[in-house]
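As a plain string of letters, each chain reads:
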Amino acid sequence: MNDLNEQKLTVVVGLGATGLSCVRYLVSQNQPCMVVDSRNNPPGLDELRNEYPQVKVELGGFNETSLSQAKELMMSPGVSLQTREIANAMASGVPVTGDIDLFSRLARAPIVAVTGSNGKSTVVALLAEILRTAERKFAVGGNLDSEFGQPALDLLMEPGKDLYVLELSSFQLETTESLGAEVAVILNVSEDHMDRYADMSDYLAAKRRIFRACRKLVVNRDDDVSGIDPDSALPRWSFGFGVPGQREAGLSMVAGEQTICFEDQPVIAVSELKIVGRHNLANAMAAICLALALDVDLPSIRRGLKRFPGLPHRCQWLATVDGVDYYNDSKATNVGAAIAAVQGLGEKTAGGLLLIAGGDGKGADFNVLAPVLKRWLKGLILIGRDAERIAAVMDGSVPIQFADDLEMAVRQAASLSEAGDAVLLSPACASLDMFANFKQRGTAFMQAVKALQ
């Protein structure tokens, strides 16, 4: 490791799109760097070698010497700070940062920061539609699991932006010291990533880093842990399902229709939204509050909400086959997301709902899922690694079948359903035991439904 002894390098830990964006920035600033990755053939490797052949790469594990002699570790969000070699380097005094932390220091326009266990991508997409309607110059990026999976540092290459909208995961926030967002929100918090965090308080602490040095905040009134100290003097807007008060979005009856209002002003009737489900009403209200915190006018907000069609793989209606509606909610990678989808469609179908669930549960407790499934389901078809774990909490209260793949699961659901029913893919689990990601899982479901037709 003579090169490390001669000049300390910034070590990018984990390649992929985020790691590559870090290298791209560091090279542009003439900052010496290298890449380490525990995988033998990580995503982005060919691109790195073609574009930056001078950048050294170590693969197949983490070399403790490389890490301990680093000027700084720049972490990709997929690598836990608890990884033994990373923890040892940190204990020896090596500084740790991430791309979002670096972005916050470099950005020359206000940042809107959105996190939460569920609904992040939908809220960011809703806000983007509103900002587009209001003719704001903005860029969207951050969380690579979203529809806007552009690394934050790459956004700095786009000139003339007056605003940055970032969707942030808890993993990205772990290494973010002082984001300094113009406005920040934690949409909700439910159990997720328990294979990475010691407990819920550890997970919540990561989420709450989004509020560090923020100027304004948006709070979910129906989620006790989504805000910061209520005595904080920061300007705040809030959303919830109750009738709204000052600086609040909520639900009211206006001319006989359930309507989203801000304070006493109607914004949009629920029937005018293209997105469905109670959770999406909360998402719409969160986007309204964020937009108002950015001084967007209500007419632009209303037009943006009316135009928004929804995102793929998020309670997305696909087709009606033999009178049965099929919905793709593959993005429901945790229990909280699945509960929201089942409640929304369960109310609509009044007991005619069949659920396809299962996959990699990431250590989640499925007991909290059981009461909702018992109330609303006509049948449950389970797939993937944790199918038996989900079945175990149901106590035989709902008919259960097991399937080897999604195509088989869709055929089984079709055979159990009748006209007026709905079939929902909302796995409550990650997809990595069977698929590359939730998008591939959703696409497989869409193809299986198409095959029925």
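Cut-offs applied
Residues numbered from 1 in each chain as written. Predicted model: local features only at pLDDT ≥ 70, side-chain atom pairs only at ≥ 80, totals over all residues. Heavy atoms only, no water. Pairing = 2+ DSSP bridges. Helix = DSSP H or I, 4+ residues; strand = E, 2+ residues; numbered from the N terminus. Core = buried A, V, L, I, M, F, W, Y, C linked by side-chain atoms within 4.5 Å. Buried < 20%, exposed > 50% of the residue type's maximum accessible area, 1.4 Å probe, protein only. Contact = heavy atoms within 4.5 Å. Axes fitted to C-alpha atoms, helices over the stretch in contact; angles between N-to-C directions. Phe/Tyr/Trp six-rings, centres within 6.5 Å; stacked < 30°, edge-to-face > 60°. Lys NZ or Arg CZ within 6 Å of the ring centre and 35° of its normal. Arc of directions from axis to C-beta. Polar contact = N/O pair within 3.5 Å; in protein donor to acceptor, adjacent residues only side chain to side chain. Parallel < 35°, antiparallel > 145°, perpendicular 65-115°, else oblique. Left-handed = near helix turned anticlockwise from the far one by under 90°. Nonpolar A, V, L, I, M, F, W, Y, C, P; charged D, E, K, R; others polar.

Draft legend 1. Spotlight on the pairing of strand β11 (residues 236–239). Of the pairings in the sheet, the one linking strand β10 (residues 216–220) to β11 comprises four bridges and is parallel in character. Bridge pairing in β11 places V218 opposite W237. The pairing of β11 with strand β12 (residues 248–254) spans two bridges and is parallel. Bridging from a neighbouring strand, F239 pairs with A249 of β12.

Draft legend 2. Local environment of the nonpolar core. Membership of the largest hydrophobic core comes to 47 residues, with the highest contact counts inside it found for V112, F239, I260, L290, I301 and L305. Top element by residues in this core is helix α11 (residues 278–293). It accounts for 12 residues. With residues near it in sequence (within four places) discarded, I260 still touches G250, L251, Q265, P266, V267, I268, L273, L281, A284, M285 and I288. Formed by 45 residues, the second largest nonpolar core is a distinct cluster that contains L26, I100, A113 and I186.

Draft legend 3. Main features of the sheet that holds strand β5 (residues 96–98). A sheet is described by the order of its strands in space; here five strands give the open sequence β3-β2-β1-β4-β5, paired in parallel fashion. On the outer flanks of this sheet lie β3 (56–59) and β5, each paired with one strand and no other. Strand-to-strand twist across the sheet, computed as the mean angle between neighbouring axes with direction ignored, equals 25°. Sheet topology note: the strand β2 (residues 33–37)/β3 ladder contains four bridges and is parallel. By the bridge assignment, V36 is partnered in β3 with E58. Helix α2 (residues 16–28) contacts β1 (10–13), β2 and β4 (72–75) of the sheet and is inclined by roughly 160° relative to β1.

Draft legend 4. Summary view of the packing of aromatic side chains. Per the stated rule, a full pass over the model turns up three aromatic pairs. Their ring planes at 80° and their centres at 5.1 Å tell us that F103 and Y164 sit as a pair that is edge-to-face. Separated by 61 residues along the polypeptide, F103 in helix α6 (residues 99–106) and Y164 in strand β8 (residues 163–167) bring together distant segments of the chain. Comparing F103 with Y164 shows no difference in burial state: the two are buried. Ring plane angle 45° and centroid distance 5.5 Å describe the contact between Y197 and Y203, whose orientation is recorded as tilted. Both residues of the pair, Y197 and Y203, count as buried. Cluster of aromatic residues (ring-pair linked, three or more members): F171, Y197 and Y203. Between R247 and the ring centre of W237, over which it is positioned, the NZ or CZ distance is 4.5 Å. Its guanidinium or amino end placed over the ring of F241, R278 lies 3.7 Å from that ring's centre, counting from NZ or CZ.

Draft legend 5. View of helix α16 (residues 406–416). Three or more residues of α16 are buried, namely L406, A409, V410, Q412 and A413. One face of α16 carries all of its buried residues, which in axial projection span an arc of 160°. Buried-residue contacts for α16 involve β16 (324–328), β17 (353–357), β18 (377–382), β19 (400–402), β20 (422–425) and α17 (438–452). Where α16 begins, the capping side chain belongs to D405, and its oxygen is found 3.3 Å from the backbone nitrogen of E407.

Draft legend 6. Spotlight on the packing of α16 against α17. Axis separation between α16 and α17 bottoms out at 9 Å; the angle between their running directions is 45°. In this view, α16 runs oblique relative to α17, as classed from their interaxial angle. Crossing of α16 over α17 shows right-handed handedness. Mapping the contact onto sequence places L406, E407, V410 and A414 in α16 and R441, A444, F445, A448, V449 and L452 in α17. Residues belonging to the contact of α16 with α17 are distributed by class as follows: eight nonpolar, no polar and two charged.

Draft legend 7. Expanded view of the side chain of R209. As for its position among the elements, R209 is in the loop between α10 (200–208) and β10. On the basis of relative accessible area, R209 is assigned to the buried category, the value being 15%. A distance of 3.3 Å separates a polar side-chain atom of R209 from the backbone oxygen of T176. In this structure, R209 is in contact with L173, E174, T176 and E177, ignoring residues within four places of it in sequence.

Draft legend 8. Representation of the packing of helix α7 (residues 120–133) against α11 within the structure. Packing of α7 against α11 brings their axes to within 9 Å, and their N-to-C directions diverge by 50°. When the axis of α7 is compared with that of α11, the two are oblique. In the packing of α7 onto α11, the handedness of the crossing is right-handed. Contacts from T122, V123, L126, L127 and I130 in α7 reach N280, N283, A284, A286, A287, L290 and A291 in α11. Of the residues contributing to the contact of α7 with α11, the split by class is nine nonpolar, three polar and no charged.

Draft legend 9. Local environment of the sheet that holds β20. Judged by pairing direction, the sheet is mixed, and its six strands sit side by side in the order β15-β16-β20-β17-β18-β19 without closing on themselves. Each end of this open sheet is capped by a strand with a single partner; those strands are β15 (316–321) and β19. Neighbour-to-neighbour, the strand axes of this sheet turn through a mean angle of 20°, independent of strand direction. In this structure, β15 lies alongside β16, joined through five bridges in antiparallel fashion. If you follow A319 over to β16, its bridge partner there is Y326.

These figures capture arrangement, not role.
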